[in-house]
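# Examination of the molecular architecture
Listed below are the residues making up each chain.
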Amino acid sequence: MNEIEQLMLYNRAWAVEQIAGDPEYFNRQVNDQTPAFLWIGCSDSRVAPDQLTQAAPGGLFIHRNIANLVRPDDGNLMAVMDFAIGSLKIDRIVVCGHYGCGGIKSALEGPGPGPLGDWLQHAVKVYDDHRAEIDSMPDSQARSNRLVECNVRDQLLHVADSAPVRAAWAEGRDLVLHGWVYDLRDGLLNSLLEIRRDTDLADVARPDRVLV
Ligand SMILES: [Zn+2]
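Residues numbered from 1 in each chain as written. Predicted model: local features only at pLDDT ≥ 70, side-chain atom pairs only at ≥ 80, totals over all residues. Heavy atoms only, no water.

### Structural notes on the pattern of salt bridges
Inspection of the entire model under this criterion finds 14 salt bridges. Of the charged contacts, one joins arginine 196 and glutamate 194 as a salt bridge, the two residues approaching to 2.9 Å between their closest N and O atoms. In this structure arginine 196 comes out as partly exposed when scored by relative accessible area, which is 41%. Look at glutamate 194 and you get partly exposed, because its relative accessible area is 38%. Each of Glu133, Arg146, Glu149 and Arg206 takes part in a single network of salt bridges with overlapping partners. (Salt bridge = Lys/Arg side-chain N within 4 Å of Asp/Glu carboxyl O. Buried < 20%, exposed > 50% of the residue type's maximum accessible area, 1.4 Å probe, protein only.)

So this is what it looks like as structure tokens:
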């Protein structure tokens, strides 16, 4: 059996398992989705939001890209946020970076030409903005992990400054933004910072170091 056939087989086994445990499972799924969280994370295959939070299907609305970047000119992500906040009425948004992020390492080393390098320029900007602190770290792993943390903070600020979030706050909604990092070494999520409606965005400090 090849890998694709195996994937399809596992899917069939999963569907049978769901029905066996709850005959109405898929009947409920077709009706609607009411996820409580929008998750903006890295595409890294080791950081699977559903699995590491034990969220059932329908629990998380998810957007992933390389290095969990939030670019105001990213129409894909802006549409996701617009739908999540405006239609699904989600009031909790998580931006989650992770230990050992390849995109962040590449941003540190200077990304090459091509679409990936173009994309990562947004992470290079984060490095430039925090260069003094990051360059003072003792080794490449520490520099990379600190950039992961600073990147989560800066991307969360971009979320806070986006049109959908600003509109929700203007309506008085208690939308809360959470900046987290996932540590591949122990499987644990760590909270770095939160931004709320009354947070002064000009006064959001760099987070404490977590990935040491
Ligand atoms: Zn990553």
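From this point, things continue past the structure.
### Here's the deal with helix α8 (residues 140–160)
Given a rise of 1.5 Å per residue, 21 residues ought to cover 30 Å, and the 30 Å separating the end C-alpha atoms of α8 matches this to within 8%. Among the 21 residues that make up α8, 17 are buried, leaving the element largely enclosed by the rest of the structure. (Helix = DSSP H or I, 4+ residues; strand = E, 2+ residues; numbered from the N terminus. Expected span 1.5 Å × (residues − 1).)

### Side note on the UniProt feature "binding site: Zn(2+)" (unreviewed entry) in the protein chain
Here the UniProt feature "binding site: Zn(2+)" (unreviewed entry) sits at Cys42, Asp44, His98 and Cys101. The annotated residues occupy 60 residues of the chain but converge on a single region, no pair of C-alpha atoms lying more than 8.9 Å apart. Its place among the elements puts aspartate 44 in the loop between β1 (37–42) and α3 (49–53). With relative accessibility at 14%, the residue aspartate 44 sits in the buried group. The contact partners of aspartate 44, leaving out residues within four places of it in the chain, are Arg64 and His98. Here arginine 46 takes part through its side chain, which lies 2.7 Å from a polar atom of the side chain of aspartate 44. Assignment of secondary structure puts cysteine 101 in the loop between β3 (92–98) and α5 (102–109). Relative accessible area serves as the criterion here: at 1%, cysteine 101 is assigned to the buried category. (UniProt positions renumbered as here; feature names shortened; annotations may be inferred. Contact = heavy atoms within 4.5 Å. Polar contact = N/O pair within 3.5 Å; in protein donor to acceptor, adjacent residues only side chain to side chain.)

### Notes on the packing of aromatic side chains
Scanning the model with the defined rule gives 5 aromatic pairs in all. Each ring, one from tryptophan 39 and one from tryptophan 180, has its centre 6.2 Å from the other, and the planes form 75°; the classification is edge-to-face. Taken together, the positions of tryptophan 39 in strand β1 and tryptophan 180 in strand β4 (residues 176–183) put the pair 141 residues apart, joining distant regions of the chain. Taking relative accessible area as the criterion, tryptophan 39 reaches 2% and is therefore assigned buried. Here tryptophan 180 falls in the partly exposed class, since its relative accessible area comes to 21%. Their ring planes at 45° and their centres at 5.8 Å tell us that phenylalanine 61 and phenylalanine 83 sit as a pair that is tilted. A residue pair is termed long-range when its members are at least 10 positions apart, and phenylalanine 61 in strand β2 (residues 60–65) and phenylalanine 83 in helix α4 (residues 75–87) qualify at 22 residues. Judged by relative accessible area, which is 36%, phenylalanine 83 ranks as partly exposed. The ring of tyrosine 127 carries the charged tip of arginine 131 above its face, separated from the ring centre by 4.1 Å. (Phe/Tyr/Trp six-rings, centres within 6.5 Å; stacked < 30°, edge-to-face > 60°. Lys NZ or Arg CZ within 6 Å of the ring centre and 35° of its normal.)

### A few points about the pairing of β4
Within β4, 7 of the 8 residues are buried, which leaves it mostly tucked inside the rest of the structure. Where β3 meets β4, 7 bridges bridge the pair, whose relative direction is parallel. Considered in β4, the bridge of glycine 97 is made with valine 181. Inspection of the sheet shows β4 paired to strand β5 (residues 188–195) by 7 bridges, in the antiparallel sense. Bridge assignment links aspartate 183 to a residue of β5, and that residue is leucine 188. Hairpin connection from β4 to β5: 4 residues lie between these consecutive antiparallel strands, with glycine 187 at a positive phi of about 75°. (Pairing = 2+ DSSP bridges.)

### With respect to the environment of valine 204
One can find valine 204 in the segment after β5. A relative accessible area of 10% places valine 204 in the buried class. Note: C-alpha distance between valine 204 and isoleucine 62 (142 residues apart in sequence) is 25 Å. Sequence-distant contacts of valine 204, defined by excluding residues within four places in its chain, comprise Arg153, Leu157, Leu193, Ile195 and Thr199.

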